[in-house]
Structure formats: C-alpha cells, structure tokens
Amino acid sequence: SDEATDCIECATGKYVDVAGSDEGSDCIDCVAGKYIDLEGSDAEGDCIDCGLGKFSAAGSDALGDCLDCALGRYSATTPIAEAGCIECIAGKYIDVPGSDEASDCIDCAVGKYVDVAGSDDASDCIDCVAGKYIDLEGSDAEGDCIDCTVGKFSAAGSDALGDCLDCALGRY
C-alpha cells in the first residue's frame, strides 16, 4: 500500500486500538450489551451501551441489535448478554419486556402464589385451594396458604381469614 487511504477500516461492531494492524482479525468485537454503528472505530470507548433492560450479542453493529429482556426478566446493569437478564423471584412476575429494576417485578395478589422464578403474567399466580387462604402479597409457595379452622370453609383464591365461613347447621 502506498497511501493511508489504502488501509481498510474495521467493520461496524468492531474496533482496533493499535496502529499497524495488518488483518481484519485484529479488529475486536464490542462486548455483549454494546454496539458500534460506524466503520473504522479505534477505541473500545466507541462501543455504545444498549441500556438498562436490554442486551445484545458481542460484535453488534446497530442499535436495533439491542433487544429487550424478556417478560419475567429484568436487568439493572449494562452491558449484558441475554444471560444477564435476571428472572423475577418466585412470588412475583413482570408482564412487560425491557424491565430494568428488580422493583419492576410485581407481587402476586393476596390469595395467590407462584412457586417458580421468571413468571411473566398475573395469570401465573395460582389460587390457594378451597379451604385455604393467603393474606399477604408476593407469596412464593403453596405452603404459604393457611388452612381455615375446623368447621369452616372457603372458596379457592381466598385472601383473608374472614373468607373462612362457618359450615351450615347439620354440617361439619
């Protein structure tokens, strides 16, 4: 080569931070969770964060490569790959993509529980069976359901001790 213009720029999604590079393999991918949308980048700092609640693969070359964490997951840090999206703990769910804080996880309503992490809809929360109730939000186990006392009954999904009703005369 006889001119600087003969040198080939690193492709989008990559950078090279040393002079005298002589092969395309010298170009370094932006880490997962970052992207570069310009050719010829010369520093890792040129890689742009996707943002909270988003992830991308290494070597991403456009903002469109940044994807939302899935329903039931969130990310409060950057940069991350998809595996960095964290599941809501049992007892909670997230029903929107791209959540960026653990506090985005919503408690199951009173009378319900969910015993797995990563739930993505209120319908994942399970009613306590008839004859039991839960009077707290965010319950994470069937064992949190409390039995009505002997001589009382309740409907499925009951959410208070007061939902336990006396058996009728002549019944127990």
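The shown structure was predicted, so the numbers you read here are calculated from the model rather than taken from an experiment. (Residues numbered from 1 in each chain as written. Predicted model: local features only at pLDDT ≥ 70, side-chain atom pairs only at ≥ 80, totals over all residues. Heavy atoms only, no water.)

Comments concerning the overall build of the protein chain
Stated formally: Numbering of helices and strands runs from the N terminus, with a helix taken as a DSSP run of H or I at least four residues long and a strand as a DSSP run of E at least two residues long. Taken over C-alpha atoms, the radius of gyration is set against a globule rule of 2.2 Å times the number of residues to the power 0.38. Here, two residues are considered to be in contact whenever any of their heavy atoms come within 4.5 Å of each other. For the accessible areas, the method is Shrake-Rupley and the probe is 1.4 Å, while residue cover comes only from the protein chains on display. Only four residue types enter the tally: Lys and Arg on the positive side, Asp and Glu on the negative side; His and the chain ends are excluded. Charge positions come from single atoms, namely NZ of Lys, CZ of Arg, CG of Asp or CD of Glu.
The number of helices and strands found in the protein chain is zero helices and 16 strands. Against the compact-globule benchmark of 16 Å for 172 residues, the protein chain has a radius of gyration of 27 Å, which places it well outside the compact range. Each principal axis of the C-alpha distribution contributes one length, and for the protein chain these read about 105 × 20 × 15 Å. Taking the intrachain contacts of the protein chain between residues at least 6 apart in sequence as the baseline, contacts between residues at least 24 apart amount to 53%. On the protein chain, roughly 10,000 Å² of surface is accessible, and the fraction owed to carbon and sulfur atoms is 52%. Positive and negative charge centroids in the protein chain, built from 9 and 39 side chains respectively, lie 17 Å apart.

Focus: a negative patch on the surface
Definition in use: Think of a patch as exposed residues, more than 30% relative accessible area, with no salt bridge, where like charges cluster within 9 Å and nonpolar side chains (Val, Leu, Ile, Met, Phe, Trp, Tyr) cluster within 5 Å. For this document, the term salt bridge refers to a Lys or Arg side-chain nitrogen within 4 Å of an Asp or Glu carboxyl oxygen. Summary of the burial criterion: residues with accessible area below 20% of their type's maximum are buried, those above 50% are exposed, and those between are partly exposed, where the area comes from a 1.4 Å probe applied to protein chains only.
Taken together, the side chains of Asp17, Asp42, Glu44 and Asp46 make up a negatively charged region of the molecular surface. Residue classification places Asp17 among the partly exposed residues on the basis of a relative accessible area of 47%.

A short note on the state of the cysteines
This is how the line gets drawn: Count a disulfide wherever a pair of cysteine sulfur atoms falls within 2.5 Å.
The tally for this structure, following the rule as stated, stands at eight disulfides. Disulfide pairing is shown between Cys50 and Cys66; the S-S distance is 2.0 Å. On the sign convention where negative means left-handed, the S-S torsion of about -65 degrees between Cys50 and Cys66 marks this disulfide as left-handed. Within this pair, whereas Cys50 is found in the loop between β4 (48–49) and β5 (54–55), its partner Cys66 is found in the loop between β5 and β6 (67–68), the two being separated by 16 residues in sequence.

What to know about the side chain of Ser41
For Ser41, the position within the fold is in the loop between β3 (34–35) and β4. The exposure class assigned to Ser41 is buried, which follows from its relative accessible area of 7%. For Ser41, the residues in contact, after removing those within four places along its chain, are Lys14, Tyr15, Val16, Ile36 and Asp46.

Things to note about the environment of Glu87
Cut-off, in case you're wondering: Counted as a polar contact is a pair of N or O atoms within 3.5 Å, where, for protein atoms, one must be capable of donating a hydrogen and the other of accepting one, and residues adjacent in sequence contribute only when both atoms are in side chains.
Along the chain, the position of Glu87 falls in strand β8 (residues 86–87). On a C-alpha basis, the gap between Glu87 and Leu161 in space is 32 Å, while along the polypeptide they are 74 residues apart. For Glu87, the contacting residues outside a window of four places in its chain are Gly72, Arg73, Tyr74, Ala117 and Gly118. A polar contact of 3.3 Å, which involves the side chain of Glu87, links it to the side chain of Arg73.

Considering the side chain of Ser99
Its location among the elements puts Ser99 in the loop between β9 (92–93) and β10 (106–107). Overall, Ser99 belongs to the buried group, its relative accessible area being 3%. A polar contact of 3.4 Å, which involves the side chain of Ser99, links it to the backbone oxygen of Val96. Apart from the residues within four sequence positions on either side, Ser99 is in contact with Gly53, Arg73, Tyr74, Ser75, Ile94 and Asp104.

Description of the pattern of salt bridges
All told, the structure shown has eight salt bridges when counted by the stated rule. Here Asp68 makes a salt bridge to Lys54, at a shortest N to O gap of 2.6 Å. Of this pair, Asp68 sits in strand β6 while Lys54 sits in strand β5, and the two are 14 residues apart along the sequence. When its relative accessible area of 34% is taken as the criterion, Asp68 is described as partly exposed. For the salt bridge of Asp166 with Lys152, the shortest nitrogen-to-oxygen distance reads 2.7 Å.

Topic: the environment of Asp100
As for its position among the elements, Asp100 is in the loop between β9 and β10. Separated by 46 residues in the primary sequence, Asp100 and Lys54 place their C-alpha atoms 8.0 Å from one another. Among residues more than four places away in sequence, those in contact with Asp100 are Leu52, Gly53, Tyr74, Ser75 and Ala76.

Thoughts on the environment of Leu52
Mapped onto the fold, Leu52 is located in the loop between β4 and β5. Here the alpha-carbon distance between Leu52 and Asp100, two residues 48 residues apart in the chain, equals 5.3 Å.

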